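Structural description and commentary
Here is how the chains run, residue by residue.
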Amino acid sequence: MIFAIKLRSGFFKTRPYYLNIDPGRLVLTPQEGREFGRLVLEADDLISISVIQRSARVRELEIISREGTFLGSFINQADLEEAARLLAREFGAKFSLQYNPV
């Protein structure tokens, strides 16, 4: 399944990406500016995937892999529940849902 997300690419800067949850991997594809390239994160390279709820309206996605750490948010917050369900099913113990009020 594919979800529209915004990945942080600098201080107060984000870029739109598509997050594709495939069997055994995550694929991050830029929605624009193909110079940034597509990133494929295999399950063996993933350390953790977290959905962090900071408040009722602020929810973040954190992907930690051997490639680095990727932070972002879902463009459509309604997608978050479906994505969390798929991530939990596909990546098991590597996935967590956290509530960290600011």
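Right, let's walk through the structure included here.

Criteria and thresholds
Residues numbered from 1 in each chain as written. Predicted model: local features only at pLDDT ≥ 70, side-chain atom pairs only at ≥ 80, totals over all residues. Heavy atoms only, no water. Helix = DSSP H or I, 4+ residues; strand = E, 2+ residues; numbered from the N terminus. Polar contact = N/O pair within 3.5 Å; in protein donor to acceptor, adjacent residues only side chain to side chain. Contact = heavy atoms within 4.5 Å. Phe/Tyr/Trp six-rings, centres within 6.5 Å; stacked < 30°, edge-to-face > 60°. Buried < 20%, exposed > 50% of the residue type's maximum accessible area, 1.4 Å probe, protein only. Pairing = 2+ DSSP bridges. Axes fitted to C-alpha atoms, helices over the stretch in contact; angles between N-to-C directions. Core = buried A, V, L, I, M, F, W, Y, C linked by side-chain atoms within 4.5 Å.

1. Quick look at the side chain of asparagine 20
Looking at where asparagine 20 falls in the secondary structure, it is placed in strand S2 (residues 13–22). Within the structure, asparagine 20 has its side chain in polar contact with the side chain of aspartate 22 (distance 3.3 Å). Here asparagine 20 is in contact with Met1, Ile2, Arg25, Leu26 and Val27, once residues within four sequence places are set aside.

2. Section: the packing of aromatic side chains
A complete count under the given rule lists one aromatic pair for this structure. Summarising the aromatic geometry, the rings of phenylalanine 3 and phenylalanine 74 are spaced 6.1 Å apart at their centres and angled 85° between planes, so their arrangement reads as edge-to-face. Taken together, the residues span a long stretch of sequence, with phenylalanine 3 in strand S1 (residues 2–10) and phenylalanine 74 in strand S7 (residues 68–74) at a distance of 71 residues. Neither residue differs from the other here; phenylalanine 3 and phenylalanine 74 are each classed as buried.

3. Structural notes on the pairing of strand S6 (residues 59–65)
Pairing of strand S5 (residues 46–53) with S6 involves seven bridges; the strand directions are antiparallel. Along S6, the bridge assignment pairs isoleucine 52 with glutamate 60. A loop of two residues connects S6 with S7, the two strands running antiparallel in sequence.

4. Considerations on the sheet that holds strand S4 (residues 39–42)
Strand order in the open sheet made by the eight strands is S4-S3-S2-S1-S7-S6-S5-S8, with mixed pairing throughout. Looking at strand neighbours, the two that pair on one side only are S4 and strand S8 (95–99), the edges of this open sheet. The sheet shows a mean angle of 30° between the axes of neighbouring strands, direction not considered. The sheet contact formed by S5 and S8 spans five bridges and is parallel. Its bridge partner lying in S8, serine 50 is registered against serine 96. Running over the sheet, helix H1 (residues 79–91) touches S1, S2, strand S3 (25–30), S5, S6, S7 and S8 and is turned about 50° from S2.

5. Regarding the nonpolar core
If you look at the biggest cluster of nonpolar residues, it comprises 23 residues, and the most contacted ones within it are Ile5, Ile21, Leu26, Ile49, Leu61, Ile63 and Leu87. Mapped by element, the contributors of at least two residues to this core are S1, S2, S3, S5, S6, S7 and H1. Considering every element that reaches this core, the biggest residue donor is H1, with six residues. Once residues lying within four places of it in the same chain are set aside, the contact partners of isoleucine 63 are Leu26, Leu41, Leu46, Ser48, Ile49, Gly68, Thr69 and Phe70.

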